[in-house]
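Residues per chain, in single letters:
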Amino acid sequence: MKVKNKLRLGFGFLFIVVLFFGATAVYYIHDISENSKVILQNNYESLSFARQMRDVLDNNDFPLNNSAINKFNIYLEQQETNITEPGEAFFTHRLRTDFRLLMATPEISVQHETARNIRKILSDIENLNMQAIIRKDNKARASVANATLFLGLVGGFTFLVLFSFSVNFPGFISKPLNTLLIGIRAIGLKNYKQRIHFDKNDEFAEVANAFNDMAERLDEWENSNLSKIMSSKLRIETIIEQMHEAIIGVNEKQELLFVNTAAMKILNLNAQKIEGASADDISKNNELFRYIINEATNIKPLKIVVDGKDCYFQMESREINVPNISSDKRQALTIAKNSAGKVYILRNITEFKERDEAKTNFIATISHELKTPISSIKMSLKLLKDERVGHINTEQQQLLEHIKDDNDRLLKITSELLELSQVETGNIQLNFVPVQPQEIVDYAITSVKFQAEQKGVKLEVVNDAGLPQVNVDVEKTAWVLVNFLSNALRYSAEKSKVIISTIKKGNEVEFSVKDFGKGIDEQYQKRLFDRYFQVPTDGQNKSGSGLGLAISKDFIEAQNGRIWLKSAIGEGSTFGFSLPSA
């Protein structure tokens, strides 16, 4: 049976009980009212008529006058129509007979005797009605007592019924609800094995069936891959949220996937509803956000003021690729990667930037201080080799040559450190002038010609005809080419050759230096232009400071050029750079 039908029956039963109690009370009240009405309207009127007729006899002299006779006759007629008790008709008939006798007898004595009989009859009528009143009063009291008893029983029964209903009926509703509540709490604790069963076929049973179906589906979902994916997603979002780096995720539709707290603080997006918003819409009102989205590939650090402090961030962007598995007619599986958006990362490098600046200042200071005594040592070596100072033997001459080589190497390192400090502080002073590429090559060859002659290495120059001018800083560009030639001579065998090429490629002029030495292992090539990186040597050649190529890269890129190398073990190495033509 449905719950609503049970409720209807329950409240219908209560209505019937209340209606029965009310009807019983109305019945007994009506009965008591009728009994009282009979007493007042019948017996009381008979007593009133008897009193009136006695008053007529007592207040008039005999023989009675016509007025008195008329009054007596009126009251008697009324009494004759108000006979309600057994025996009352007999006394009323006698009263009529004696009254007629009173009217027909002329003698005064007889009239008085008749009047006494009439009074006696009136007293009998009064006594008869008084006894009736007492009897009816007792009957009414008995009715009241019975009504009180019966209404008390009915009221007690009704109270018991209502009390039982009030105690049991809420449990009829609350027990299934409590069972459902326990089940829902179990589901909230991820106990998807929880089930609810009701024996009755009602709405609660339907709710229980729906609950069990939901729990079963949740259990299936919990054990499915989707649940694991969602759990992984939540873990990843938590990790992203707690990372110190600012991270922004954008899908392939340029809609924001996530922005962690660090990014919101840097981009000042606290008061904006950004999840699911369009990146283009946010870019319209946020210049920094627009710059990050459009210039994420910029390798230069980005300076941002955060909480009143200058902070530096390194921007990165990474493509979100998802695999797309497809099959052809031959059922061959093909796995391709489709872009699902991008992740933009701002790494806070403020601490490293400050350390780098401190290091640069330290290097610049130390290099500047070292250059003076090293130059003095070089001058002293020259004086020692002068015969006017004194003659030295062969062993001393060899020692002086070693000291000179080490001193030159140390002077070169300090010069490179000074150049590096200029690069790192952004104080590179470039003097752009239009110049023929051959002039730069000639300048570099002149600088290393003596070194090449001592090792017996031939410097071969290959130039394209009609090369255009390049608008560059001649000194810085020649320094790079000299660095390439010095490295090539260092790692070249005696009696070998080094080729210096200058060719035109499109709108650029390409300078390259090719040696035929041992070559550079591929694992070291990507790091060769990093600062302080040195390729491990075999002990035959002295390695440099690891700064020359890094400084060369900065010099060339500062002139809008590009630098590169090609090398293979056993085939030698080619270092080159390209500069835009004027």
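Described below are features of the structure shown in this document. Model, not experiment: these values are computed from the prediction.

**Details of helix α13 (residues 474-490)**
- Under the 1.5 Å per step criterion, the end-to-end length of α13 is 24 Å for 17 residues, consistent within 8% with the ideal 24 Å.
- The buried fraction of α13 amounts to 13 of the 17 residues, a majority that puts the element mostly inside the structure.
- N-cap assignment for α13: the residue whose side-chain oxygen lies 3.2 Å from the backbone N of glutamate 475 is aspartate 473.

**Here's the deal with the packing of aromatic side chains**
- One pass over the structure, following the stated rule, counts six aromatic pairs.
- Summarising the aromatic geometry, the rings of phenylalanine 484 and phenylalanine 575 are spaced 5.6 Å apart at their centres and angled 40 degrees between planes, so their arrangement reads as tilted. Of this pair, phenylalanine 484 sits in helix α13 while phenylalanine 575 sits in strand β12 (residues 572-580), and the two are 91 residues apart along the sequence. Of the two residues, phenylalanine 484 and phenylalanine 575, neither departs from the other in class, the shared state being buried.
- The structure contains a cluster of three or more aromatic residues connected by ring pairs, namely Phe484, Phe511, Phe575 and Phe577.
- Positioned over the ring face of phenylalanine 555 is lysine 476, at 5.6 Å from the centre of the ring.
- Between the NZ or CZ atom of lysine 566 and the centre of the ring of tryptophan 564, over which it lies, the distance is 5.7 Å.

**Side note on helix α9 (residues 287-294)**
- Every buried residue of α9 is accounted for by Phe289, Ile292 and Ile293. For α9, the angular spread of the buried residues around the axis is 95 degrees, confining them to a single face. Summarising the geometry of α9, the exposed residues directed more than 90 degrees from the buried face are Glu287 and Asn294.

**Describing the environment of glycine 152**
- Position of glycine 152 relative to the elements: it lies in helix α4 (residues 108-188).
- On a C-alpha basis, the gap between glycine 152 and phenylalanine 21 in space is 9.9 Å, while along the polypeptide they are 131 residues apart.

**Some remarks on the side chain of serine 512**
- Mapped onto the fold, serine 512 is located in strand β10 (residues 508-514).
- With residues near it in sequence (within four places) discarded, serine 512 still touches Ile499, Ile500, Ser501, Trp564, Thr574, Phe575 and Gly576.

Rules of the game
Residues numbered from 1 in each chain as written. Predicted model: local features only at pLDDT ≥ 70, side-chain atom pairs only at ≥ 80, totals over all residues. Heavy atoms only, no water. Helix = DSSP H or I, 4+ residues; strand = E, 2+ residues; numbered from the N terminus. Expected span 1.5 Å × (residues − 1). Buried < 20%, exposed > 50% of the residue type's maximum accessible area, 1.4 Å probe, protein only. Polar contact = N/O pair within 3.5 Å; in protein donor to acceptor, adjacent residues only side chain to side chain. Phe/Tyr/Trp six-rings, centres within 6.5 Å; stacked < 30°, edge-to-face > 60°. Lys NZ or Arg CZ within 6 Å of the ring centre and 35° of its normal. Arc of directions from axis to C-beta. Contact = heavy atoms within 4.5 Å.

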